[in-house]
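Residue-level structural notes
Now for the letters of each chain:
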Amino acid sequence: MSPQPQLPPVAPSVTAELVEALSPRLRKRLDAGVAKLLARPAVRAGDTVRIAVDDDTDVVLHAPEGAVTAADAIRCGCLLAPDCLHRAAAASAAPVADEAAAPVAEETAAPGETAGAGREPVAAEPAKQPGPQGPSSPVSRTRQPKPADRADGPGASGQTDRPHQPGPPPTAAAGHTEDAEDAESVTDAQRTAARAVFDAAAAVLDAGTEGSGAVLQAELLRAAHTARLAGLPRAAAAAVAVVTGVRAARSADPGHRLADLATALSGVLGVAHRLPYAAGPELAALRGTVRRPYRPDGSLRLYGLFSEPVLTATGYAGAVTWTADAGGRLYSVSDVAPGGPSRAIGAADRAVRLGDTALTHRELSRAGLAVSGATVSPTGRLGAGAGVRAVRASGVAWDAEPLRRLWAVPAAEQVARALDGGHDLLFLEVTLTGPVREAGGESLLADCGGVPLRLAVAHDDPALPYRDNLRLLAAAQGSRLRIVARLAPGPRPRALLLAVRHPTDPAARVDLGLDRLRHADLPVGAAAAPAVAVPAVDEAPLHLLRRRVHQAVSGGRPVLASARGGAGDGDRLRRNGLATAAALLGELHAAAADRTRDAFGRLLPADPDRFARAWLAAAVYTETVERALCADGWGAPAPQTSAARP
C-alpha cells in the first residue's frame, strides 16, 4: 500500500511555514523530496506516523487530534533540522487538514458529506422547507461535484450567449437596498487577504498543474490561512480545494477530474475577485461561515433511503446515510474521518452515532428512526448531541408511502431545484437500454420519461463496487427500475448512479457503492451486451471554449500561448451564434501570448493577473451556458440568477 494515505492531514499554515523556512536551494529540490518521501515506508503507531527517510533518519508526524496543527509536530533527525527539506516534504506530501472542521454545537462537521472532494463552508441561511411539489431541503451537494456554495458566474437567464466580464462593478450587487449595502463592508484585512488568494491562485493557473509544485502549493495554502484568519472561510476552503486538486492531478490519482479542478479554480478566483466589491447579503455569502449551526427540530420519524461511501481527495473516508421524513424532507447521518478506501467500505457497518440506536449505516438505509430532541443543520445533517434520543423504527420500501412521493416529482422539476441551489439528488424511474461508450469511459444509457439519460459511476476508486455494479446492470436491458442518482450538470442529461431498486426483488434496494450485485440478481435471460458508440448529435460547439479552459488548467499559460487553431475555433463559434464565446476565446489566447520586451529586447514576465481574469471570464461563461443547456436537455426552466454568485 502506498504510504500517502497513512499520513495524517497537515494544516495549511504548517505547510506554508515549513516551506517558507527553506533556503532557495532547497526549494528547488522540494518536489523531488516529496516524491522520494512518498516512496519510503510509513508506520503508524497511535497518533504518530514515522517515515524512514534512510537507515539513520526518520521523519515523525504527531497528530494527537487526527491532524498536524503545529510545525513542531513534524520532527526530523537529520543534521539540517529543523529547517530541513524532509519536514517540508512530509507536510507537502500529506493531505491538507480541514481547518474549517471545528466543533459545531454538539459535534465536529465532517469535511465532505458525499463522495468526492471536500466541501466548502456554506454561508448560513435558513433551511429550505419542502414545497408542495417535492422536497427542497438544501442538503450537501457533490463535486465533484458542483457545490452550491462556490463562485459561479451570473446565473443563466435562458440566453446562451450573454456576455460577462469579471471586471469590478460600479456599485454593490444589484437588487440590494442601500441600507443592506451599508450594513456591512469589506475590511482592509479581508481585501488584502482576497488579493493574496487571487494572486496565489493566478500563479497556479499560470503554471498549470504540471508546473504547480510544492512551492506554489504552499503559497496558496498560506493565502488560504491568511483568508481564514481574516474571516473569509469560503475563500480559504476554495483555495485548499485547489491545492488538493493539483496534488491529485500531479500524483495521477484515479479520482482526479480535470473538470473538477477547473471548477475549483473558477471558484477561488471568482470569490477572491468579487469579494472586494461586495456588500450586504452578498458579502455575507462570499465570506461564508466556518461553523455549521444546528437548530432544534423537535421529534422526527425518519425512513431510510440509501447509504453511500465517502472517499475524498483530502484523505477522509466514511459513509453517509440518507433518510426522509413523512413530508419528503431529506436528512443525513454521516461518519467521516481520516482514512482510505477500507474505511469507506467498513464505515457502512459501524453503528450510527445518533442517540442510543445500535443500527449500522447499512441497516439504517433499509430501516427507520424515531428521533426526539433532534438538531439539524441547514444542510439537513442530523446532530448527535447529548440531548438527542433515537430508537430503531420500521422502514418502508421505495414503492410505499411516504418514500414513493420522492419519485412522484417530475424529473424536470428535480433538475431545476438542483440547478437553483437545492439538493442534487434525483429520484427517477428509468428503463435501462444498454451500455454506451463515451470519451470519458463507459456509461449506462436509460430512458427517463423520453429523455435519454446517461448513468455514470459516482466514484472510480476500484475498491468501491460502483464500476462493477454498473457493468452488471448493463446486462439488464429493458428492466424498469427506480433509482437514486446525483445530477451531473452538462449539455446532455447525465447523473451519477447511487442506488437502485433490486432488479428482481421490488421490495429490496441496492446501494451501489457498498453492495455488490451478482449475475443471479439479474432477470432471467439477462446477458452482457457490448457497449455501443454514441452517435454524434448537433449541439452548440461550446466544447471549443471549454477545451481551452481545461487546457489552461492542465498546462498553464504557455500551452495556450503556443496553441494553434484559436482563430478557427472563434470563427466556428461565431457561425453558431456564440459571438461572446468567440470573443472570450480570443481574449484568452491574447492574454496567454501577451509578452512585452524591455529596452534591451528581453522578454518581460507575463502578466498572470490579465490571464487569470481572461480565463475566469471564459470559465464563468462556459459554466453558465452549460447550466442553461443542462436545464434545456431535461426540459427544466433556466436556472435563476443568484446574488451570491459573483
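As the structure is a computational prediction, the values presented were derived from the model and not from experiment.

Procedures and definitions
- Along each chain, residues carry numbers from 1 onward, in the same order as the chain's sequence is written.
- The model is predicted, so local features are restricted to residues of pLDDT at least 70 and side-chain atom pairs to those at 80 or more, both for listing and for counting; the totals for chains, interfaces and linings are taken over all residues.
- Each side-chain value is derived from all of the structure's non-hydrogen atoms; neither hydrogens nor water enter the calculation.
- Note on pairing: DSSP must find at least two bridges between two strands before they are called paired.
- Numbered from the N terminus, helices here are DSSP runs of H or I no shorter than four residues, and strands are runs of E no shorter than two.
- Note on method: axes are straight lines fitted to C-alpha atoms, helices fitted across the in-contact stretch only, with angles between N-to-C directions ranging 0 to 180 degrees.
- Every residue pair with non-hydrogen atoms within 4.5 Å of one another is taken to be in contact.
- Partly exposed describes any residue whose relative accessible area lies between the buried limit of under 20% and the exposed limit of over 50%, with all areas from a 1.4 Å probe on protein chains only and scaled to the type maximum.
- Residues adjacent in sequence count toward polar contacts only when both atoms are side-chain atoms; beyond that, a polar contact is any pair of N or O atoms within 3.5 Å, and within protein one must be able to donate a hydrogen and the other to accept it.
- Side-chain atoms within 4.5 Å are what join buried Ala, Val, Leu, Ile, Met, Phe, Trp, Tyr and Cys residues into a set we call a nonpolar core.
- Multiply 1.5 Å by the residue count of a helix minus one, and that product is the helix's expected span.
- Take the seven residues that end at a residue and the seven that start at it, fit an axis to each, and the angle between those axes is the bend at that residue.
- A residue's pLDDT is simply how confident the predictor is in it, with values from 0 to 100.
- To sort the angles, those under 35 degrees are grouped as roughly parallel, those over 145 as roughly antiparallel, those from 65 to 115 as roughly perpendicular, and the leftovers as oblique.
- Helix crossings fall into two classes, left-handed where the near helix is turned counterclockwise from the far one by less than a right angle and right-handed where it is turned clockwise.
- A pairing counts as a salt bridge when a side-chain nitrogen of Lys or Arg comes within 4 Å of a carboxyl oxygen of Asp or Glu.
- Whether two aromatic rings pair depends on their centres lying within 6.5 Å, for rings of Phe, Tyr and Trp, where Trp uses its six-membered ring; planes under 30 degrees apart make the pair stacked, over 60 edge-to-face, and the rest tilted.
- Disulfides are defined as cysteine sulfur pairs within 2.5 Å.

Turning to the sheet that holds strand E3 (residues 58-62), a few remarks are in order. Reading across the sheet, the four strands line up as E1-E2-E3-E4 and stay open at both edges, with antiparallel pairing between neighbours. Each edge of the open sheet is held by one strand with a lone partner, namely strand E1 (42-45) and strand E4 (74-76). Recorded for the sheet is a direction-independent mean angle of 20° between the axes of neighbouring strands. In the packing of helix H4 (residues 85-93) onto the sheet, contacts are made with E3 and E4, and the angle to E4 comes to roughly 145°.

As a further point, take the side chain of Arg381. Tracing the chain through its elements places Arg381 in the loop between strand E10 (368-376) and strand E11 (389-393). Taking relative accessible area as the criterion, Arg381 reaches 2% and is therefore assigned buried. Of note is the side chain of Arg381, whose polar atom sits 2.7 Å from the side chain of Tyr294.

Bringing the sheet that holds strand E7 (residues 295-311) into the picture now. In any sheet, the strands associate via hydrogen bonds between backbone groups, in a parallel or an antiparallel arrangement. Read from one edge of the open sheet, five strands run E9-E8-E7-E10-E11, paired in antiparallel fashion. Every other strand in the sheet has two partners, leaving strand E9 (330-338) and E11 as the edge strands with one partner each. On average, each strand axis in the sheet is tilted by 35° relative to the strand beside it, whichever way the strands run. The sheet contact formed by E7 and E10 spans seven bridges and is antiparallel. Of the residues in E10, the one forming a bridge with Arg301 is Ala370.

Looking now at the nonpolar core. Ranked by size, the top nonpolar core spans 66 residues in total, and within it Leu305, Leu403, Leu428, Leu473, Ile483 and Trp634 carry the most contacts. If we ignore the near neighbours within four places in the chain, the residues touching Trp634 are Ala411, Ala412, Val415, Leu426, Leu428, Leu453, Leu487, Pro493 and Arg494. Listed in part, the 65 residues of the second largest apolar core include Phe198, Ala202, Ala223 and Ala582.

Now for helix H6 (residues 188-211). For H6, built from 24 residues, the straight-helix expectation of 34 Å at 1.5 Å per residue is met to within 8% by its first-to-last C-alpha distance of 32 Å. For H6, the principal kink sits at Leu205 and spans about 55°.

Right, let's talk about the confidence of the model for the chain for a bit. Per-residue confidence for the chain averages 81 on the pLDDT scale, and 81% of its residues sit at or above 70. The low-confidence segment residues 101-183, where pLDDT is below 50, has 248 contacts with residues more than four positions distant or belonging to other chains. Low confidence marks residues 642-646, where pLDDT is under 50. Its contacts with residues over four positions away, or in another chain, come to 20 contacts.

So, about the packing of H6 against helix H9 (residues 258-274). Running from amino to carboxyl end, H6 crosses H9 at an angle of 150°, the nearest separation of the two axes being 8 Å. Comparing their axes, H9 and H6 come out roughly antiparallel. As for the relative orientation of H6 and H9, their crossing is left-handed in sense. Between H6, through Ala194, Val197, Phe198, Ala201, Ala202, Leu205 and Thr209, and H9, the contact on the second element is made entirely by Leu261, Leu265, Val268, Leu269, Ala272 and His273.

We now examine the pairing of E10. Bridge analysis of E10 against E11 gives five bridges, and the strand direction is antiparallel. By the bridge assignment, Leu369 is partnered in E11 with Arg392.

Within the structure shown, the criterion is met by 32 salt bridges. Between Arg482 and Glu429 there is a salt bridge; the shortest N-O distance is 3.0 Å. Residue Arg482 is located in strand E15 (residues 480-487), and its partner Glu429 is located in strand E12 (residues 425-438); the two are separated by 53 residues in the primary sequence. Classification of Glu429 as partly exposed rests on a relative accessible area of 27%. Among the charged side chains, a salt-bridge network with shared partners connects Asp349, Arg362, Arg366, Asp511 and Asp515.

With that settled, the discussion passes to the packing of aromatic side chains. Pairs of aromatic rings are described using the distance from one ring centre to the other and the angle between the two planes. Summed over all chains, the structure comprises three aromatic pairs. For the ring pair Phe306 and Trp322, a centre distance of 6.5 Å and an interplane angle of 20° mean the geometry is stacked. In this pair, Phe306 sits in strand E7 while Trp322 sits in strand E8 (residues 316-324), placing the two residues 16 residues apart along the sequence. Judged by relative accessible area, which is 0%, Phe306 ranks as buried. With a centroid separation of 5.2 Å and 75° between ring planes, the pair formed by Trp407 and Phe427 is classed as edge-to-face. Placement of Trp407 in helix H13 (residues 404-408) and of Phe427 in strand E12 is noted, with a sequence separation of 20 residues between them. Like Trp407, the residue Phe427 is buried in the burial classification. Feature note: the residues Trp398, Trp407 and Phe427 constitute an aromatic cluster, connected by ring pairs.

Keep in mind that most residues, glycine aside, have a negative phi and that most peptide bonds are trans. Going from Ala81 to Pro82, the amide bond is cis rather than trans, its omega being 10°. Counting through the fold element by element, Pro82 comes out in the loop between E4 and H4. A cis amide bond links Glu401 to the next residue, Pro402, at an omega of 5°. With respect to the secondary-structure elements, Pro402 resides in the loop between E11 and H13.

On to the state of the cysteines, then. All chains considered together, the criterion is met by zero disulfides. Cysteine Cys84 remains unbridged, with the sulfur of Cys78 as its closest cysteine sulfur at 3.7 Å. For Cys84, a relative accessible area of 2% gives the class buried.

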